[in-house]
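Chain by chain, the residues run as shown.
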Amino acid sequence: MQLGELEKQVLQHLWSVSEADAKQVHLILGQARGISLNTIQSTLDRLFKKKLLSRTKQGHAYLYRTAIDREGLISKLISNVTSDFVEEGEHSLIAAFCSESANLDDAQLDQLQALIEQQRELRKGRK
């Protein structure tokens, strides 16, 4: 799955406001950039079809909210990109994360370690 620049901006906006209709999104993102309401509506619809947004009918309009949190989307995007290159059981994904971790500071590494421990605890609970 790929996301266009406007799709990313719409998701960022909806994460910050919880929910909005197309006119509200257009007011914040569209008008300043010279983007039409139709383009905003199309973008919202594409994100809905990608299952990244949910919507409910409110009168003649839809009210949109994100269907996935930021971390979930990042995980999904990483899985989509790596699935084409990483075989099951292969360690290249782990190696790539290790290489990238060289750019993290001590606080970020501590946070990563805490998340890993949290996942281990969740896994123990499933056994």
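See the structure above.
The notes below deal with the structure included here. Every value quoted in this text rests on a predicted model; they were computed, and no experiment measured them.

**Here's the deal with the packing of helix α1 (residues 5–17) against helix α2 (residues 22–33)**
To describe two helices that pack against each other, one gives the angle between their axes and the distance between the axes.
Here comes step 1: At a minimum axis distance of 10 Å, the contact between α1 and α2 shows a crossing angle of 140°. For the pair α1 and α2, the crossing hand works out as right-handed. Facing α1, whose interface residues are Q9, V10, H13 and L14, α2 presents V25, I28, L29 and R33.
Here comes step 2: Each residue belonging to the contact of α1 with α2 can be placed in one class, and the counts come to five nonpolar, two polar and one charged.

**Observations concerning the sheet that holds strand β2 (residues 53–58)**
Here comes step 1: Taking strand neighbours across the sheet as the criterion, the three strands line up as β1-β3-β2 in an open arrangement whose pairing is antiparallel. The two strands at the open ends of the sheet, each matched to only one other strand, are β1 (19–21) and β2. Each strand of the sheet is rotated relative to its neighbour by a mean of 30°, with strand direction disregarded.
Here comes step 2: Bridge analysis of β2 against strand β3 (residues 61–66) gives six bridges, and the strand direction is antiparallel. Within the sheet, the bridge partner assigned to L53 lies in β3 and is T66.
Here comes step 3: Contacts from helix α3 (residues 37–49) reach β2 and β3 within the one sheet, and its direction differs from that of β2 by about 120°.

**What about the nonpolar core?**
Here comes step 1: Of all hydrophobic cores here, the largest spans 18 residues; its most connected members are V10, L14 and L44.
Here comes step 2: Those elements giving two or more residues to this core turn out to be α1, α2 and α3.
Here comes step 3: At four residues, α1 tops the list of elements feeding residues into this core.
Here comes step 4: With residues near it in sequence (within four places) discarded, V10 still touches V25, L29, T43, L44 and L47.

**Some details on the environment of G30**
Here comes step 1: Structurally, G30 can be placed in helix α2.
Here comes step 2: As for G30 and D110, which are separated by 80 residues in sequence, their C-alpha atoms are 40 Å apart.
Here comes step 3: Excluding residues within four positions of it along the chain, G30 makes contact with V25, I35 and I40.

**Examining the packing of aromatic side chains**
Here comes step 1: A complete count under the given rule lists one aromatic pair for this structure.
Here comes step 2: Lying across the ring of F48, R55 places its NZ or CZ 3.8 Å from the centre.
Here comes step 3: Directly above the ring of Y62 sits R55, whose terminal nitrogen or CZ lies 4.1 Å from the centroid.

**Focus on unusual backbone geometry**
Here comes step 1: Phi angles above zero are rare outside glycine, and S18 is one such case at about 80°.
Here comes step 2: Inspection of the secondary structure puts S18 in the loop between α1 and β1.
Here comes step 3: In this structure S18 comes out as exposed when scored by relative accessible area, which is 52%.
Here comes step 4: For K51, which is not glycine, the phi torsion reads 65° and is therefore positive.

Basis of the calculations
- Residues numbered from 1 in each chain as written.
- Predicted model: local features only at pLDDT ≥ 70, side-chain atom pairs only at ≥ 80, totals over all residues.
- Heavy atoms only, no water.
- Axes fitted to C-alpha atoms, helices over the stretch in contact; angles between N-to-C directions.
- Helix = DSSP H or I, 4+ residues; strand = E, 2+ residues; numbered from the N terminus.
- Left-handed = near helix turned anticlockwise from the far one by under 90°.
- Contact = heavy atoms within 4.5 Å.
- Nonpolar A, V, L, I, M, F, W, Y, C, P; charged D, E, K, R; others polar.
- Pairing = 2+ DSSP bridges.
- Core = buried A, V, L, I, M, F, W, Y, C linked by side-chain atoms within 4.5 Å.
- Buried < 20%, exposed > 50% of the residue type's maximum accessible area, 1.4 Å probe, protein only.
- Phe/Tyr/Trp six-rings, centres within 6.5 Å; stacked < 30°, edge-to-face > 60°.
- Lys NZ or Arg CZ within 6 Å of the ring centre and 35° of its normal.

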